[in-house]
Amino acid sequence: MESQGLRSVTLFCGSSLKVDPAFVEAAEAFGRLAGTRKAELIYGGGGIGLMGVAARAALESGASVVGVIPRFLVEREIAMLDVTELIQTKSMHERKAIMAERADAFVVLPGGLGTLDETFEILTWAQLGLHDKPVGILNVKGFFNGLLAHLEHTRKSGFIQDESMPELIVEESVAELWATLADRL
């Protein structure tokens, strides 16, 4: 049941398309679902990779899409200029702060170091009590299995206390992830 619904979601994902086609399909499906739910999709502002696929699918399906991109990445990530709103920031930190502030929830799709950086920062902020928004991982083809195992190893090794371990919602389906996130609001 979506009492208030998932009105805005920040998406962290890769900037490459030289990846398994299942990851591309998942990004497109996520964007389409955001559009059909008339949600606001907040993402890194690039027109390339999974980011661009998700943003285009969301726009084509009726979502409001907010790109947040540091000025120094505008050319490198080929900023997507036809989004609903494009916010250019001075730094990566400012980018992540804006993306966090505007979101009801966070979704992580496969990606590289930038995606992991964004994910760990948002999890750290949750651990520190700076937000209590749900964080979901779309575990396409087990992409995040190693990371999830390492987080559990870190917890069992005493570096993350049970009471401070942020809840991660892990699903393999876009629809299930969306529904579970909406239930947590």
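Residues numbered from 1 in each chain as written. Predicted model: local features only at pLDDT ≥ 70, side-chain atom pairs only at ≥ 80, totals over all residues. Heavy atoms only, no water.

## Topic: the overall build of the protein
We count it as follows: Helix numbers and strand numbers start at the N terminus; a helix is a DSSP run of H or I with at least 4 residues, a strand a run of E with at least 2. A radius of gyration in this sense is built from C-alpha atoms; the matching globule rule multiplies 2.2 Å by the number of residues raised to 0.38. The cut-offs for exposure are 20% and 50% of the maximum accessible area for each residue type, with area from a 1.4 Å probe on protein chains only; residues under the lower value are buried, those over the upper are exposed, and the others partly exposed. Note that accessible areas follow from Shrake-Rupley with a 1.4 Å probe, and for residues the cover is restricted to the protein chains shown.
A tally of regular secondary structure across the protein gives 6 helices and 7 strands. The C-alpha atoms of the protein give a radius of gyration of 15 Å, which matches the 16 Å a tight globule of 185 residues would have. Across the 185 residues in the protein, those meeting the buried criterion constitute 50%. Per element, the accessible surface of the protein, about 8,900 Å² overall, is 53% carbon and sulfur.

## With respect to the nonpolar core
For clarity, the cut-off: Among buried residues, the Ala, Val, Leu, Ile, Met, Phe, Trp, Tyr and Cys ones that are joined through side-chain atoms within 4.5 Å form a nonpolar core. Any two residues whose heavy atoms approach within 4.5 Å are treated as being in contact.
Within the largest apolar cluster, 35 residues are counted, with the highest numbers of intra-cluster contacts made by Leu 11, Phe 30, Tyr 43, Val 65, Val 107 and Trp 178. Taken together, the elements giving at least two residues each to this core come down to strand E1 (8-12), helix H1 (21-36), strand E2 (40-43), helix H2 (49-60), strand E5 (105-108) and helix H6 (174-183). In terms of residues, this core owes the most to one element, H1, which gives 7 residues. For Val 107, the contacting residues outside a window of four places in its chain are Val 9, Thr 10, Leu 11, Phe 12, Phe 30, Gly 136, Leu 177 and Leu 181.

## What about helix H3 (residues 92-102)?
So the rule is basically this: Two N or O atoms count as a polar contact when they lie within 3.5 Å, although within protein this holds only if one can serve as hydrogen donor and the other as acceptor, and sequence-adjacent residues are included solely when both atoms are side-chain atoms.
All of the buried residues in H3 are Arg 95, Lys 96, Ile 98, Met 99 and Ala 100. On its buried face, H3 is in contact with E1, E2, strand E3 (64-70), strand E4 (85-89), E5 and helix H4 (113-127). Capping the start of H3 is the job of one residue whose side-chain oxygen sits 3.5 Å from the backbone nitrogen of His 93: Ser 91.

## Topic: the side chain of Thr 10
Mapping Thr 10 onto the fold places it in strand E1. Overall, Thr 10 belongs to the buried group, its relative accessible area being 0%. Looking at Thr 10, its side chain comes within polar contact range of the main-chain oxygen of Met 99, at 2.7 Å. Setting aside residues up to four positions removed in sequence, Thr 10 forms contacts with Ile 42, Met 99, Ala 103, Ala 105, Phe 106 and Val 107.

## Thoughts on the environment of Thr 180
For Thr 180, the position within the fold is in helix H6. Placed 70 residues apart in sequence, Thr 180 and Pro 110 show a C-alpha to C-alpha distance of 19 Å. A polar contact is formed between the side chain of Thr 180 and the backbone oxygen of Glu 176, at a distance of 2.8 Å.

## What to know about the pairing of E2
Selection rule: For two strands to be treated as a pair, DSSP must find no fewer than two bridges joining them. Clockwise travel from the first strand over the helix to the second, with the strands pointing away from the viewer, marks a crossover as right-handed.
Burial along E2 is two-sided: the residues Glu 40 and Ile 42 and Leu 41 and Tyr 43 are all buried. As defined by bridge partners, E1 adjoins E2 across 3 bridges and the pair is classed as parallel. Each bridged residue has a counterpart across the sheet, and for Thr 10 the counterpart in E2 is Ile 42. In the classification by handedness, the crossover that spans E1, the intervening H1 and the parallel E2 is right-handed.

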